[in-house]
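So you can see what is in the structure, the chains are spelled out below.
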Protein chains: 2
Amino acid sequence: MNEKRLQSQIDFIVELDKLKHIFRQTPLINDSRYENDAEHSWHVALMALLLSEYADAEDVNLLRVALMLLIHDLVEIDAGDTFVYDEEKNRDKSTRENAAAQRIFSILPPDQGREFRSLWEEFEKRESREAKFAAGMDRLEPLLYNYNTKGSSWKEHGIKSSQVLERNRHIGEASSVLWEYVKNLIADSVAKGYLTE
Amino acid sequence: MNEKRLQSQIDFIVELDKLKHIFRQTPLINDSRYENDAEHSWHVALMALLLSEYADAEDVNLLRVALMLLIHDLVEIDAGDTFVYDEEKNRDKSTRENAAAQRIFSILPPDQGREFRSLWEEFEKRESREAKFAAGMDRLEPLLYNYNTKGSSWKEHGIKSSQVLERNRHIGEASSVLWEYVKNLIADSVAKGYLTE
């Protein structure tokens with residue numbers, strides 16, 4: 001046994017605990033509190049495996065998608081959550097998140113640190129079929145939350161349907177079936193007054 | 001598109017949100033509050049992918065392990081968390097959890113409901129190499145938490161080192177390297193006063 005290697009991995013596992021303290025702008029469906037990044041990562045990873053039949057691309061590697069989604073928000077341990085509609089904070093998001101990636105993935109043994117960092121960068125670039133499908137799940141979850149809380153975070157931030165369509169277009173790059181579903185959901189949200197036109 | 005199928009899957013995804021309200025007996029490492037099942041499921045799924053090199057069995061299917069761990073606690077939405085050292089509650093655990101599985105997995109389209117239920121039963125039986133490895137992760141996480149909170153939940157419930165060794169022996173069925181690590185951790189916990197002999 002390589003004791004140093006295993007200890008680095010355990011140190012990383014302990015570090016992961018901090019993701020449970022990073023809160024998002026999305027309330028839970030019973031609206032009691034905001035969702036944290038660890039719960040969100042669990043939810044989207046499971047969604048990806050559940051909805052894989054709708055991926056437009058063929059031969060999507062689901063193990064890569066799952067790992068990608070399990071780690072996609074780790075940089076927020078240092079960089080915090082950046083609300084998708086916050087233009088100001090989105091300007092330096094990349095700088096803050098790169099510094100975080102440098103620190104956090106360095107806790108791992110070098111080979112795994114490189115693998116995880118590269119998988120996170122792949123997710124951020126949204127070019128590979130795995131990254132596109134993962135990004136679609138990452139957007140679909142808060143949308144379902146907003147719909148099921150009668151638009152709570154849309155209303156709180158005064159978001160319009162054109163913004164929701166624009167910000168969620170990645171779902172369309174993942175799956176035409178899910179995008180069709182989402183467009184209907186957005187139209188229904190406008191009809192029900194959860195979201196302004 | 002089969003609209004009914006997709007709607008069942010979306011209903012299941014919305015139902016999943018409830019797992020974020022089921023609390024475990026393990027405090028987070030900064031000891032601010034107890035961990036919930038959704039966070040725990042995220043943590044152990046990621047641990048499995050991170051520590052897969054230590055599985056004693058060959059050709060462990062990691063995608064199965066990940067899905068198994070992502071869903072392993074879903075029955076607790078109805079059945080609640082049963083503390084591993086609570087002998088009283090563990091007596092009717094299986095009855096309560098089977099009823100929960102019946103309701104929760106029935107939300108899914110029948111083929112996926114059967115697949116998920118069967119994967120959950122496989123996890124519970126701990127016979128396949130995937131289930132053994134998954135069970136090892138499920139036990140390792142709270143152990144690392146207890147160590148890193150100076151034995152908080154061990155102290156709260158007056159747990160002894162012999163009980164910890166007995167309850168965590170599944171880690172030994174998953175990985176001899178990790179079991180060696182864990183035995184040292186338990187001995188160190190006794191030496192440091194986190195756990196009584």
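My aim in this report is to walk through the structure given alongside it, one point at a time. (Residues numbered from 1 in each chain as written. Chains lettered and ligands numbered in written order. Predicted model: local features only at pLDDT ≥ 70, side-chain atom pairs only at ≥ 80, totals over all residues. Heavy atoms only, no water.)

1. Focus on the overall build of chain A
In plain terms, the rule: Put simply, DSSP marks the helices as runs of H or I at least four residues long and the strands as runs of E at least two long, and each gets a number from the N terminus on. The classification of residues rests on relative accessible area computed with a 1.4 Å probe and restricted to protein chains. Under 20% of the type maximum is buried, over 50% is exposed, and intermediate values are partly exposed. What sets the accessible areas is the Shrake-Rupley method with a 1.4 Å probe; for residues, cover comes only from the shown protein chains.
Across its full length, chain A holds 12 helices and 2 strands. In chain A, the order of α-helices and β-strands from amino to carboxyl end is α-β-β-α-α-α-α-α-α-α-α-α-α-α. The principal-axis extent of the C-alpha atoms belonging to chain A is close to 60 × 35 × 30 Å. Out of the 197 residues in chain A, the part that is buried amounts to 56%. Carbon and sulfur atoms provide 46% of the accessible area of chain A, an area that totals close to 8,400 Å².

2. Things to note about the environment of T149 of chain B
Residue and element names in this part refer to chain B. Short version of the rule: Contacts between residues were defined by any pair of non-hydrogen atoms, one from each residue, lying within 4.5 Å.
Position of T149 among the secondary structure elements: in the loop between α8 (129–148) and α9 (152–157). In this structure T149 comes out as buried when scored by relative accessible area, which is 10%. Considered as a pair, T149 and D31 are 118 residues apart in the sequence and their alpha carbons are 6.9 Å apart. Setting aside residues up to four positions removed in sequence, T149 forms contacts with P27, L28 and I29.

3. Some words on the packing of aromatic side chains
Cut-off, in case you're wondering: Centre distance within 6.5 Å is the pairing criterion for rings of Phe, Tyr and Trp, where only the six-membered ring of Trp is used; planes under 30 degrees apart are then read as stacked, over 60 as edge-to-face, and the remainder as tilted.
Counted under the stated rule, the structure contains 4 aromatic pairs over all chains. Aromatic pair F12 of chain A and F116 of chain A: ring centres 5.9 Å apart, planes at 85°, arrangement edge-to-face. One end of the pair, F12 of chain A, is in helix α1 (residues 3–16); the other, F116 of chain A, is in helix α7 (residues 110–125), and 104 residues separate them in sequence. Where Y147 of chain B meets Y194 of chain B, the ring centres are 5.7 Å apart and the plane angle is 70°; that geometry is what we call edge-to-face. In this pair, Y147 of chain B sits in helix α8 while Y194 of chain B sits in the segment after α12 (176–191), placing the two residues 47 residues apart along the sequence.

4. Some words on helix α2 (residues 37–50) of chain B
Turn by turn, an α-helix covers 3.6 residues, leaving residues three or four places apart pointing in a common direction. Rules: Here a helix's expected span is defined as the number of its residues, less one, multiplied by 1.5 Å.
For α2 of chain B, built from 14 residues, the straight-helix expectation of 20 Å at 1.5 Å per residue is met to within 8% by its first-to-last C-alpha distance of 20 Å. Burial of α2 of chain B is extensive: 14 of the 14 residues sit out of reach of the surface.

5. What to know about the pattern of salt bridges
Residue and element names in this part refer to chain A. We apply this condition: By definition here, a salt bridge exists when the distance from a side-chain nitrogen of Lys or Arg to a carboxyl oxygen of Asp or Glu is within 4 Å.
In total, this model carries 38 salt bridges over all chains according to the counting rule given. Two residues, D111 and R5, come together in a salt bridge whose shortest N-O distance is 2.8 Å. Of this pair, D111 sits in helix α7 while R5 sits in helix α1, and the two are 106 residues apart along the sequence. For D111, a relative accessible area of 38% gives the class partly exposed.

6. Side note on the interface of chain B and chain A
Using the following cut-off: Note: buried area is the sum, over both parts, of the accessible area (probe 1.4 Å) each one loses when the two are combined. Distance and chemistry together define a polar contact, namely a pair of N or O atoms within 3.5 Å, with one atom able to donate a hydrogen and the other to accept it when in protein, and with adjacent residues in sequence counting only for side-chain atoms on both sides.
Of the residues lining the interface, 51 residues belong to chain B; the matching set on chain A comes to 51 residues. Both sides together, the interface formed by chain B and chain A hides about 4,500 Å², and carbon and sulfur atoms give 73% of it. It is K20, W42 and L50 of chain B in chain B that bury the most area against chain A; as a group they hold 17% of the surface buried on that side. Linking chain B with chain A are 6 salt bridges, by the criterion used here. Residue E35 of chain B is joined to K20 of chain A by a salt bridge in which the shortest nitrogen-to-oxygen separation is 2.9 Å. Summed over the shared surface of chain B and chain A, the number is 30 residue pairs in polar contact (both at pLDDT 80 or more). Residue contributions to the side of chain B that touches chain A peak at 10 residues, all from α2 of chain B.

7. Looking at the relation of the copies chain B and chain A
Stated precisely, the cut-off is as follows: The copies were overlaid by least squares, fitting only the C-alpha atoms of residues that reach a pLDDT of 70 or more in each copy.
Screw-axis analysis of chain B against chain A gives a translation of 0.0 Å along the axis, an RMSD of 0.0 Å, and a rotation angle of 180°. As the rotation angle and translation indicate, the two copies are arranged about a two-fold axis. The residues that chain B uses at the interface reappear at the interface of chain A in 100% of cases, marking a shared surface.

8. Quick notes on the side chain of R24 of chain A
Residue and element names in this part refer to chain A. Looking at the secondary structure, you find R24 in strand β1 (residues 23–27). Accessibility expressed as a relative area gives 11% for R24, which makes it buried. Other than its neighbours up to four places away in sequence, R24 contacts Y34, E35, N36, D37, H40, D73, D81, E141 and P142.

9. Thoughts on helix α6 (residues 93–105) of chain B
Residues and elements named next belong to chain B. Condition: The arc refers to the directions leading from the helix axis to the C-beta atoms.
With 13 residues, α6 should cover 18 Å at 1.5 Å per step; its first-to-last C-alpha distance of 18 Å lies within 8% of that length. Within α6, burial applies to E97, A100, A101, I104 and F105. Mapping the buried residues of α6 onto a view down its axis gives an arc of 105°, with all of them on the same face. Turned more than 90 degrees away from the buried face of α6, the exposed residues are T95 and A99. Residues of α6 that are buried in the fold lie against α1 (3–16), α4 (76–79) and α7 (110–125).

Keep in mind these values describe shape, not function.
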